[in-house]
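For reference, the chains in residue letters:
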Amino acid sequence: MSNITDLSLNELVDNVKSKKISSKEITNAYVERSKKSNKLNTYIEQTFDSAIKNSEKFDKSPNLEKKLPGIPFAVKDLFCTKGIKTTASSKILENFIPTYESTITQNLWDAGAILLGKLNCDEFAMGSSNETSYFGNVISPISDNLVPGGSSGGSASALAAKLTPATIGTDTGGSIRQPASFTGTVGLKPTYGSCSRYGIVAFASSLDQAGPMTRNVKDCSLLLEVMSSFDHKDSTSVDFKRPNYCLDLNKNIKGKKIGIPKEYRVDGMPKEIDKLWEKGKEYLKDCGAEIVDISLPHTNYALPTYYIVAPAEASSNLARYDGVKYGLRADGENLIDMYEKTRSQGFGEEVKRRIMIGTYVLSSGYYDAYYLKAQKVRKLIKNDFDDVFKKVDAILTPSTPSSAFKVGEKSNDPVSMYLNDIFTVPVNLAGLPGISIPAGLDKNNYPLGLQIIGKPFDEQNILNIAYSMEEKINFKLNIKDWWIK
Ligand code: GLN
């Protein structure tokens, strides 16, 4: 048999169910590999000993009906884990130990999964390169000077380096799909309301969604099946009949109409991205789908709208970190001084920038000009999608305007960093599902992704399209273990 860590999530599940591999063997294999991965800086907290113990416990009385029977998982450190440090990669939460479990991680454990550890991310999920983390930047296993993308950079890097068979991330403006695209992996942002936000450290509540990050589309479907649930603890959770995404996965997309939005052909986009998009269309036609030119006229306003709405919500969400209720408290001469010192010492530069922008756009006198206007434009962006979805079943775009960049290349230029989100942000603003799948390589052999956007709650459809394309694309990326020490 091939190496355990080379097997896909579905293969591992099948092997456990047919009693060919034990949970302990799998957990051991991932722990051993993870222990050698310090160079990548993916882990913030390792729970290897308890993982091994839990795998032994599972093997003693294995419940093989479970969807993730005894499968180890490392998860983004934005998900609260009861009794286990949860930092959101921020100094202000450096010693925060939640007394409750996020619904998403609870769903994983209920399905039989075992926690391997907590993964690095951008501070409070703000970033596109995993360079804003208080715990240092994450390196992509693809090359020693490459970012893995962000904010779920630790998740993407750990997944690509095979430190975890699959993982979970959160996506507020692209943080699952962009790192997936940078690392040659699959990442899905579900429809807003599909996956519970309960117990996820909040960034921008009207945009945040958790989603699966996996090595292939079938694994993505399985993990979504486990993650997606109605949750009365999240007032924005939607109660709808969730399909068996993995069981119902199929490649029959004959006659599906796929829209190609002309506004996504942005100035200065590398030729190879354009070529990849063209190839994507060909693959779809080969699968029997029909390509339809469409227009999403307000696309240009998505990025400025996002960078008003997201910081506004962030500034409000992050007001709770005041040195009283959670995490760090700095000494101060009086209450106000304590607040100021705690927040100025506890937050990093990017987080402070967002709090300042957010506070500004919400302040009296500027609220109408910025925040209210942004909300109106957000509705127009949503209307664009509603209109085209009367004509097409899904939309195909590139996932990102470039391949992964080098560490430090954009960290001093926030606007160029924000431009990374140009193709992913509209999907969050409209609350739609979007999946990024690896689709090709650039001239440096760095992965490039294509994004499929679907109608609300039509995850099955975009998974099916991705599944058919995956077969045609036959993406192969040989990541060397240069980072193993
Ligand atoms: N890169 C975007 C930002 O910094 C998106 C982050 C995210 O999706 N969490 O806001």
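Coordinates for the structure precede this section.
Residues numbered from 1 in each chain as written. Predicted model: local features only at pLDDT ≥ 70, side-chain atom pairs only at ≥ 80, totals over all residues. Heavy atoms only, no water.

## Re the site of the ligand
At step 1: Near the ligand you find 15 residues, and of these Thr172, Gly173, Ser175, Tyr306 and Arg354 are the closest.
At step 2: Here an oxygen atom of the ligand sits 2.7 Å away from a polar atom, N or O, in the main chain of glycine 173.
At step 3: The fraction of the free accessible surface of the ligand (300 Å²) that becomes covered by protein chains is 100%.
At step 4: According to the grid-proximity analysis, the pocket containing the ligand is the largest cavity.
At step 5: In terms of residue class, the shell around the ligand is made up of five nonpolar, seven polar and three charged. (Near = heavy atom within 4 Å. Polar contact = N/O pair within 3.5 Å; in protein donor to acceptor, adjacent residues only side chain to side chain. Areas by Shrake-Rupley, 256 points an atom, 1.4 Å probe, with all protein chains shown as cover. 1 Å grid on protein atoms, 1.4 Å probe; cavity = no way out; pocket = protein on both sides within 12 Å on 5 of 7 lines; lining within 4 Å. Sits in = over half its atoms within 2 Å of the grid points. Nonpolar A, V, L, I, M, F, W, Y, C, P; charged D, E, K, R; others polar.)

## Description of the packing of helix α8 (residues 271–286) against helix α15 (residues 459–473)
At step 1: Packing of α8 against α15 leaves a shortest axis separation of 9 Å and a crossing angle of 105°. In terms of orientation, α8 and α15 fall into the roughly perpendicular class. Of the residues in α15, those in contact with Gly280, Tyr283, Leu284 and Asp286 of α8 are Ile465, Met469, Lys472 and Ile473.
At step 2: Of the residues that constitute the contact of α8 with α15, the class distribution is five nonpolar, one polar and two charged. (Axes fitted to C-alpha atoms, helices over the stretch in contact; angles between N-to-C directions. Helix = DSSP H or I, 4+ residues; strand = E, 2+ residues; numbered from the N terminus. Parallel < 35°, antiparallel > 145°, perpendicular 65-115°, else oblique. Contact = heavy atoms within 4.5 Å.)

## Thoughts on the sheet that holds strand β6 (residues 209–214)
At step 1: Here we have eight strands laid out as an open sheet, ordered β4-β6-β5-β10-β11-β9-β7-β8, and mixed in their pairing. Unpaired on one side and paired on the other, β4 (167–171) and β8 (290–294) mark the two borders of the sheet. Neighbouring strand axes in the sheet, compared pairwise and without regard to direction, differ in orientation by 30° on average.
At step 2: Across the sheet, helix α7 (residues 217–227) touches β4, β5 (186–189), β6 and β10 (434–441), and the angle it forms with β6 is around 145°. (Pairing = 2+ DSSP bridges.)

## Overview of a nonpolar patch on the surface
At step 1: Taken together, the side chains of Tyr360, Tyr366 and Tyr370 present a nonpolar region at the surface, about 280 Å² in accessible area.
At step 2: Tracing the backbone shows tyrosine 360 in helix α11 (residues 349–362). (Patch = residues over 30% accessible without salt bridge, like charges linked within 9 Å, V, L, I, M, F, W, Y side chains within 5 Å. Salt bridge = Lys/Arg side-chain N within 4 Å of Asp/Glu carboxyl O.)

## Points about the pattern of salt bridges
At step 1: The tally for this structure, following the rule as stated, stands at 21 salt bridges.
At step 2: For the salt bridge of glutamate 32 with lysine 35, the shortest nitrogen-to-oxygen distance reads 3.8 Å. Residue glutamate 32 and its partner lysine 35 are located together in helix α2 (residues 23–35), separated by three residues, close to a single helical turn.
At step 3: Between glutamate 45 and lysine 85 there is a salt bridge, and its shortest N-O distance comes to 3.8 Å. Taken together, the positions of glutamate 45 in strand β1 (residues 43–46) and lysine 85 in the loop between β2 (72–76) and α4 (103–110) put the pair 40 residues apart, joining distant regions of the chain.
At step 4: Classification of glutamate 45 by relative accessible area gives partly exposed; the value is 23%.
At step 5: By relative accessible area, lysine 85 is classed as partly exposed at 25%.
At step 6: Beyond isolated ion pairs, a larger network of salt bridges with shared partners links Arg265, Asp274, Glu278 and Lys281. (Buried < 20%, exposed > 50% of the residue type's maximum accessible area, 1.4 Å probe, protein only.)

## Description of the sheet that holds β1
At step 1: Taken together, three strands build an open sheet; the order of strands is β1-β3-β2 and the sheet is mixed. In the strand order of this sheet, the two ends are held by β1 and β2, each with one partner. Neighbour to neighbour, the strand axes of the sheet diverge by 30° on average, direction disregarded.
At step 2: Against the sheet, α2 makes contact with β1, β2 and β3 (114–119), and its axis sits at roughly 20° relative to β3, the strand it touches most.
At step 3: Across the sheet, helix α3 (residues 48–60) lies against β1 and β3, angled at about 160° from β3, the strand it touches most.

## Considerations on the environment of leucine 284
At step 1: Tracing the sequence through the fold places leucine 284 in helix α8.
At step 2: Among the residues examined, leucine 284 registers a relative accessible area of 0% and is labelled buried.
At step 3: When near neighbours in sequence (up to four residues on either side) are disregarded, leucine 284 contacts Ile253, Ile258, Ala289, Ile291, Leu396, Ile465 and Met469.

## Focus: the pairing of β5
At step 1: Of the two faces of β5, the one carrying Val186 and Leu188 and the one carrying Gly187 and Lys189 are both buried.
At step 2: As paired strands, β5 and β6 are joined by two bridges and run antiparallel to one another. The partner of valine 186 across the bridge, within β6, is threonine 214.
At step 3: In the sheet, β5 pairs with β10 via three bridges, with the strands oriented antiparallel.

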